[in-house]
Structures are given as C-alpha cells and as structure tokens.
Amino acid sequence: MLEPALLPTPLVDCTDEAFARAGVELRLKRDDLLHPTVPGNKWRKLAPNLAAAVEQGHTRLLTFGGAYSTHLRAVAAAAGALGLESVGLVRGEELADRPRNWSLRAAEAAGMRLEFLTRAEYREATGRAEGEHGTDALLRRWGRCLVLPEGGSNALAAVGAAAIPAELPGLGERDVVCCPVGTGGTLAGIAA
Ligand SMILES: *Cc1c(COP(=O)(O)O)cnc(C)c1O
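Overview of the structure. Per chain, residue numbering runs from 1 following the sequence as it is written. Reporting of local features is limited, given that this is a predicted model, to residues whose pLDDT is at least 70; pairs of side-chain atoms are given and counted only at 80 or more, and all residues count toward the totals for whole chains, interfaces and linings. For the side-chain quantities, the full set of heavy atoms in the structure was used; hydrogens and water were omitted.

Now for the site of the ligand. Near residues are defined by distance, with any heavy atom within 4 Å of the molecule or strand qualifying the residue. Close contacts around the ligand come from Asn-41, Lys-42, Lys-45, Thr-70, Ser-153, Pro-180, Val-181, Gly-182, Thr-183, Gly-184, Gly-185 and Thr-186, and that covers them all. At 2.7 Å from an oxygen atom of the ligand is found a main-chain nitrogen or oxygen belonging to Gly-182. In protein, a polar contact means a hydrogen-donor-capable atom and an acceptor-capable atom, both N or O and within 3.5 Å, with residues adjacent in sequence counting only if both atoms are side-chain atoms; elsewhere, any N or O pair within 3.5 Å suffices. For the ligand, an oxygen atom lies 2.7 Å from a polar atom in the side chain of Thr-186. Under the convention used here, a 1.4 Å probe and the Shrake-Rupley method define accessible areas, while residue burial counts only the protein chains that appear. Protein chains shield 71% of the accessible area of the ligand, which is 390 Å² for the free molecule. Breaking the shell around the ligand down by element, the ones donating at least two residues are α2 (40-55) and α9 (185-191). Comment: elements are numbered from the N terminus, with helices defined as DSSP H or I runs of at least four residues and strands as E runs of at least two. Ranked by the residues each element gives to the shell around the ligand, the list is headed by α2, at three residues. Classifying every residue of the shell around the ligand by side-chain character gives two nonpolar, eight polar and two charged. Side-chain classes follow a simple rule in which Ala, Val, Leu, Ile, Met, Phe, Trp, Tyr, Cys and Pro form the nonpolar group, Asp, Glu, Lys and Arg form the charged group, and the remainder, Gly included, forms the polar group.

Pasting the structure below:
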C-alpha cells in the first residue's frame, strides 16, 4: 500500500467577488497534496494497480511516457517506495545521449531504468501493451512485469479516480466538476 500523506484531500474555497456576484461558488480539490512524490490523480490511478501488482507477486513495473511525463516520475517513486523495480520506456531515441532533463533525472534517481525508443518503436510498444502482463516482445526483453499503459490509465485506474467525487460532499445536479485531461483516465473515473 502506498501510504497517502493526506486523504481525503482538502476542498478549498476560491470564490472571489466576481464569482460571488454571479452566484457562482468555486472550489478547488487539492489532490496535489495527496502524496509528496506521487501527486494527485497519479496516486489515485496507481494505488489500485500497485495493490494488484503486489498481490500477483510482480516485482517489476514497466510503463511508457514522454520526456516530461509526470506519470513516469510517479511510477518511479511509487515503485521505489514499495521496493519494486521499474522500467520506463521513453518516447524519443534522440534523448538517450543528451543530458537528462529534470523530469527524467528524477525518475532515474528514484530507481527507474530508462530505455529510449524511436517514435515508431514507441507507437508499436504502447499499441501492443494492452494486456496486463506484457507482450511477448516486452516479456522477452524485460522478463515478467506488470505493464501499465501511458498515463497509467486502465480500468483499475478509473476505479481509483472514482474516489475523487466520492470525497465531494453534497454534489448536486447544478454542480459542475472540471478536470484537466491527458489520457482521460481521471475523467473516466470521475464520470463513472
Ligand atoms: C497526469 C495529469 C493529468 C492527466 O490525467 P489523465 O488521467 O491522463 O487524463 C492532468 N493534470 C495533471 C496535473 C496531471 O499530472
């Protein structure tokens, strides 16, 4: 279990005068405070996947991301905290010989092994990684590992994200929940 720093996360009132005059109340759900190195929606999406990984006896996580992927950093930190190995397949083979940017450096510092793929290799690997247990090619290269999709967005991730609206008391028909979207896993969980 990846222990949360703060759960439920606080709901902060951001209503200003202009909103108040229009009869609109604005609140911000501070999921960024959930965990110091596995922030917000990344914790929500990873927690059920990590529990499943440990239960299934996995010792290594493998996932994908771009050069500044928050998901890669989060997986690296979460795996490190639970004593699991992690592998990050990074889009862009040209990055392999360059000095690491701050984001990839943080992932490596947390213990993640990085491998850099051409765009074509990356498309191929992510497109085939639908199964939870990795494709033949990935298994041959990396051994038994739990494969998490880009952004960590799979069915278990949506279950984790579904806890967000459960922490919004008194949501009514006139309320609107807004959420930033990358792969859409967080939004899918909220909507579900
Ligand atoms: C990862 C991330 C997103 C995208 O989440 P998805 O579930 O991939 O849509 C949005 N905002 C922040 C701050 C993130 O770290």
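Now that the structure has been shown, the text picks up again.
This part takes up the sheet that holds strand β6 (residues 146-147). Strand pairing in a sheet is mediated by backbone hydrogen bonds. Such pairs are either parallel or antiparallel. The strand order across the open sheet formed by four strands is β5-β4-β3-β6, and the pairing between neighbours is parallel. In the strand order of this sheet, the two ends are held by β5 (112-117) and β6, each with one partner. Where strand β4 (residues 85-91) and β5 come together, six bridges link them in parallel fashion. Bridge assignment links Val-90 to a residue of β5, and that residue is Phe-116. Its contacts with the sheet place helix α3 (residues 70-81) against β3 (60-65), β4 and β5, and it is angled at close to 165 degrees to β3. Two strands make a pair as long as DSSP finds a minimum of two bridges between them. Only heavy atoms matter for contacts: two residues are in contact if any of them lie within 4.5 Å across the pair. Interaxial angles span 0 to 180 degrees and are taken between N-to-C directions of axes, which are lines fitted to C-alpha atoms, for helices over the stretch in contact.

Without other data, these values stay purely geometric and don't point to any function.
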